[in-house]
Amino acid sequence: FPERRVVPLDLPGAGKFHAERCPTSVKGMVARMRADFLRERGETNVLCAVSLGGMAALQWAQEHPEDFHGLVLIN
């Protein structure tokens, strides 16, 4: 999908946020990632997530279904 913009989101405590403390709940992870997402989102958003990110994606979709047009969950 070359016409699509990809915005990578890191979990707190991983990737570019490796020095941050990771929340102790998936709900807390979602709150932190959503703050970054709201600054970067486009018109059509599809969330692709793997493993623990998939758990966070499901929580996110349940709490804020208006944020995404679709989900791709892997593993």
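Here, every reference points to the structure presented above.
As a starting point, this report considers the structure included with it. Predicted, not measured: the structure shown is a model, and the values here were computed from it. (Residues numbered from 1 in each chain as written. Predicted model: local features only at pLDDT ≥ 70, side-chain atom pairs only at ≥ 80, totals over all residues. Heavy atoms only, no water.)

With that settled, the discussion passes to the packing of helix α1 (residues 26-40) against helix α2 (residues 52-63). Viewed as axis vectors pointing N to C, α1 and α2 meet at an angle of 75 degrees, and their least axial separation amounts to 9 Å. The angle between α1 and α2 falls in the class roughly perpendicular. When α1 is examined against α2, the residues V26, K27, M29, V30, M33, R34 and F37 are found in contact with a partner set consisting of L52, M55, A56, Q59, W60 and E63. Here the contact of α1 with α2 is built from residues that sort into 9 nonpolar, 1 polar and 3 charged. (Axes fitted to C-alpha atoms, helices over the stretch in contact; angles between N-to-C directions. Helix = DSSP H or I, 4+ residues; strand = E, 2+ residues; numbered from the N terminus. Parallel < 35°, antiparallel > 145°, perpendicular 65-115°, else oblique. Contact = heavy atoms within 4.5 Å. Nonpolar A, V, L, I, M, F, W, Y, C, P; charged D, E, K, R; others polar.)

Taking 1.5 Å of rise per residue, the 15 residues of α1 would be expected to cover 21 Å, and the 21 Å separating its terminal C-alpha atoms lies within 8% of that figure. Among the residues making up α1, those that are buried are M29, V30, M33, R34, D36 and F37. Next to the buried residues of α1 lie α2. (Expected span 1.5 Å × (residues − 1). Buried < 20%, exposed > 50% of the residue type's maximum accessible area, 1.4 Å probe, protein only.)

The next thing to look at is the pairing of strand β1 (residues 46-50). The alternating pattern of β1 places L47 and A49 on a buried face and V46, C48 and V50 on a face that is not buried. Running through α2, the crossover from β1 to the neighbouring parallel element strand β2 (residues 70-74) is right-handed. (Right-handed = clockwise from strand over helix to strand, strands pointing away.)

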